[in-house]
Amino acid sequence: MAPSHVLKCCQRVLAWVPVAFIALVVAWSYYAYVVELCVFTISSTAEKVVYLVVFHLSFVMFIWSYGKTIFTSPATPSNEFCLSKADKEQYEREERPESQQEILRRAAKDLPIYTTTASRAIRYCDRCQLIKPDRCHHCSACDVCVLKMDHHCPWVNNCVGFSNYKFFLLFLMYSLLYCLFVAATVLQYFIKFWTLCRRKAAENCPKNELPDTHAKFHVLFLFFVAAMFFISILSLFSYHCWLVGKNRSTIETFRAPTFRNGPDKNGFSLGCSKNLKEVFGDEKKYWLLPIFTSLGDGCNFPTRLVIMDPEQLTVSSQNEPAKSSGASQSFPTRPLSESQNRLLAGDCQWVESGPEEENVKSGAKKHIIVSLES
């Protein structure tokens, strides 16, 4: 018992090593830029002031968003997704998977879940002992089920999910701008110091050349580090921008969520603008600030509107179970009124515009249902 406890403590300490490395690099970059470059190297006062003001703005936003990404706890499912004591005891007593699934189906009949495993089973976490909401996955590093989990990032020692995905995106963006600004403003001095280092004799240097001090090593190394991080972060940031536009997580890109009609990577996509609002919120003035403005509760997500069979919708409107898409389908179906996501209810901004919407407004008998994925 004791060795395992010590091992867990060691793992927790080691998990902070990447964060400590980033913190040291950032702290050194601050010293190299502010002290060695702006104070000791740049002679123009106006240039110093401009560089320092812009640098500190980008630095503060970068540190703010990075800190929020690290210290925001991953959002976990609410208690409604946990099995009752009686169901849990019965589930643990059962040995047949079919009987266990029957218990889960009964417990999930009133829950807003619309995605299953690839084998059409209820998504259940034995570790956390709860029914997984749509887009929720268990993180082995954090040992919890994380809502809308994207991935576990060692550089922030935290899970990136519903609670901090916006912060993670802003962290990537501001770190990208930070590196770009540093590399761009240091470039001219990098070239001058590089030229100075290549001179074989000091008497051959013009009088207006930069002094050969220890600052040159900080400036030269600062440019290399900023350029290297800029290139590596650019690809990651571009990838996550694409994910936001498609309303996918990293996990969903590699393993498409399974709906009633089968796997669908685009099941949660509502269009680029609505996908963007789902992550950043309705008010654009808060988009660039690392404060939580994402829409929803992390358990319910609107999906693409699907035109259903009129007969099927009629059954749903009478509060009767909708027809199953297959005989072996093992997840619960609910009436239309219960399938309305809280993000969609009473909020016209989430309704897709198009011919279907106009027909509904004009009284045409077109029936639309909102599906939800995990």
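Residues numbered from 1 in each chain as written. Predicted model: local features only at pLDDT ≥ 70, side-chain atom pairs only at ≥ 80, totals over all residues. Heavy atoms only, no water.

Colleague: How would you summarise the overall build of the protein chain if you had to cite specific residues and measurements?
Modeller: A count of helices and strands for the protein chain gives twelve helices and ten strands. Split into buried and exposed, the 374 residues of the protein chain put 46% on the buried side. Accessible surface computed for the protein chain: about 19800 Å², of which carbon and sulfur atoms make up 62%. (Helix = DSSP H or I, 4+ residues; strand = E, 2+ residues; numbered from the N terminus. Buried < 20%, exposed > 50% of the residue type's maximum accessible area, 1.4 Å probe, protein only. Areas by Shrake-Rupley, 256 points an atom, 1.4 Å probe, with all protein chains shown as cover.)

Colleague: I'd like a rundown of the packing of helix 2 (residues 17-39) against helix 3 (residues 45-71), residues and numbers included.
Modeller: Between helix 2 and helix 3, whose axes approach to 11 Å, the crossing angle comes to 170°. On the basis of the axis angle, helix 2 is roughly antiparallel to helix 3. Taking contact as the criterion, the partners of Val19, Ile22, Val26, Tyr30, Tyr33, Val34, Cys38 and Val39 in helix 2 are, on helix 3, Lys48, Tyr51, Leu52, Phe55, His56, Phe59, Phe62, Ile63, Tyr66 and Ile70. A per-class count over the contact of helix 2 with helix 3 returns 16 nonpolar, one polar and one charged. (Axes fitted to C-alpha atoms, helices over the stretch in contact; angles between N-to-C directions. Parallel < 35°, antiparallel > 145°, perpendicular 65-115°, else oblique. Contact = heavy atoms within 4.5 Å. Nonpolar A, V, L, I, M, F, W, Y, C, P; charged D, E, K, R; others polar.)

Colleague: For the nonpolar core, give the residues involved together with the corresponding values.
Modeller: Formed by 48 residues in total, the largest nonpolar core has its most connected members in Tyr33, Phe55, Tyr165, Val182 and Val186. Contributions of two or more residues to this core are made by helix 2, helix 3, helix 6 (165-198), helix 7 (215-246) and helix 9 (272-280). A total of 17 residues in this core trace back to one element, the largest contributor, which is helix 6. For Val182, the contacting residues outside a window of four places in its chain are Tyr33, Phe55, Leu222 and Ala226. (Core = buried A, V, L, I, M, F, W, Y, C linked by side-chain atoms within 4.5 Å.)

Colleague: Tell me about the packing of aromatic side chains, residues and numbers included.
Modeller: Per the stated rule, a full pass over the model turns up 26 aromatic pairs. Considering the side-chain rings of Phe62 and Tyr178, the 5.4 Å spacing of their centres and the 15° angle between planes classify their relative orientation as stacked. On the criterion of sequence distance, the pair formed by Phe62 in helix 3 and Tyr178 in helix 6 is long-range, its members being 116 residues apart. A relative accessible area of 5% means that Phe62 is categorised as buried. Connected via pairs of aromatic rings, a cluster forms that spans Tyr30, Tyr33, Tyr51, Phe55, Phe59, Phe62, Tyr66, Phe168, Phe171, Tyr178 and Phe181. For Arg135, the ring lying beneath its charged end belongs to Phe268, and the centroid distance is 4.1 Å. (Phe/Tyr/Trp six-rings, centres within 6.5 Å; stacked < 30°, edge-to-face > 60°. Lys NZ or Arg CZ within 6 Å of the ring centre and 35° of its normal.)

Colleague: Any chance you could break down the confidence of the model for the protein chain for me, citing the residues and the numbers?
Modeller: Averaged over the protein chain, the pLDDT score is 81; the fraction of residues at 70 or greater is 76%. Contacts of residues 305-374 to residues separated by more than four positions or lying in other chains number 144 contacts, the stretch itself having pLDDT below 50. (pLDDT = per-residue confidence, 0-100.)

Colleague: Summarise the side chain of Thr72; cite the residues concerned and give the values.
Modeller: Tracing the sequence through the fold places Thr72 in the loop between helix 3 and helix 4 (85-93). At 2.4 Å, the side chain of Thr72 and the backbone oxygen of Lys68 are in polar contact. Sequence-distant contacts of Thr72, defined by excluding residues within four places in its chain, comprise Asn158, Ser163, Asn164 and Phe167. (Polar contact = N/O pair within 3.5 Å; in protein donor to acceptor, adjacent residues only side chain to side chain.)

Colleague: Report on a nonpolar patch on the surface, specifying residues and quantitative values.
Modeller: Together, Val49, Val50, Val53, Val54 and Leu57 give the surface a local cluster of nonpolar side chains, amounting to about 430 Å² of exposed area. Within the element layout of this structure, Val49 appears in helix 3. (Patch = residues over 30% accessible without salt bridge, like charges linked within 9 Å, V, L, I, M, F, W, Y side chains within 5 Å. Salt bridge = Lys/Arg side-chain N within 4 Å of Asp/Glu carboxyl O.)

Colleague: Just give me the short version of the pattern of salt bridges, but keep the residues and values in it.
Modeller: Any two side chains of opposite charge can pair if their charged atoms end up close together. This model, assessed by the stated rule, comprises six salt bridges. Here Asp87 and Arg106 are joined by a salt bridge, their closest N and O atoms 3.7 Å apart. Taken as a pair, Asp87 in helix 4 and Arg106 in helix 5 (residues 97-108) lie far apart in primary sequence, 19 residues in all. For Asp87, a relative accessible area of 18% gives the class buried. Classification of Arg106 by relative accessible area gives partly exposed; the value is 37%. Across the salt bridge formed by Glu283 and Lys285, the nearest N and O atoms sit 3.6 Å from each other. A relative accessible area of 42% places Glu283 in the partly exposed class. Classification of Lys285 as exposed rests on a relative accessible area of 58%. Three or more residues joined by partner-sharing salt bridges are found here, namely Arg135, Glu252 and Glu278.

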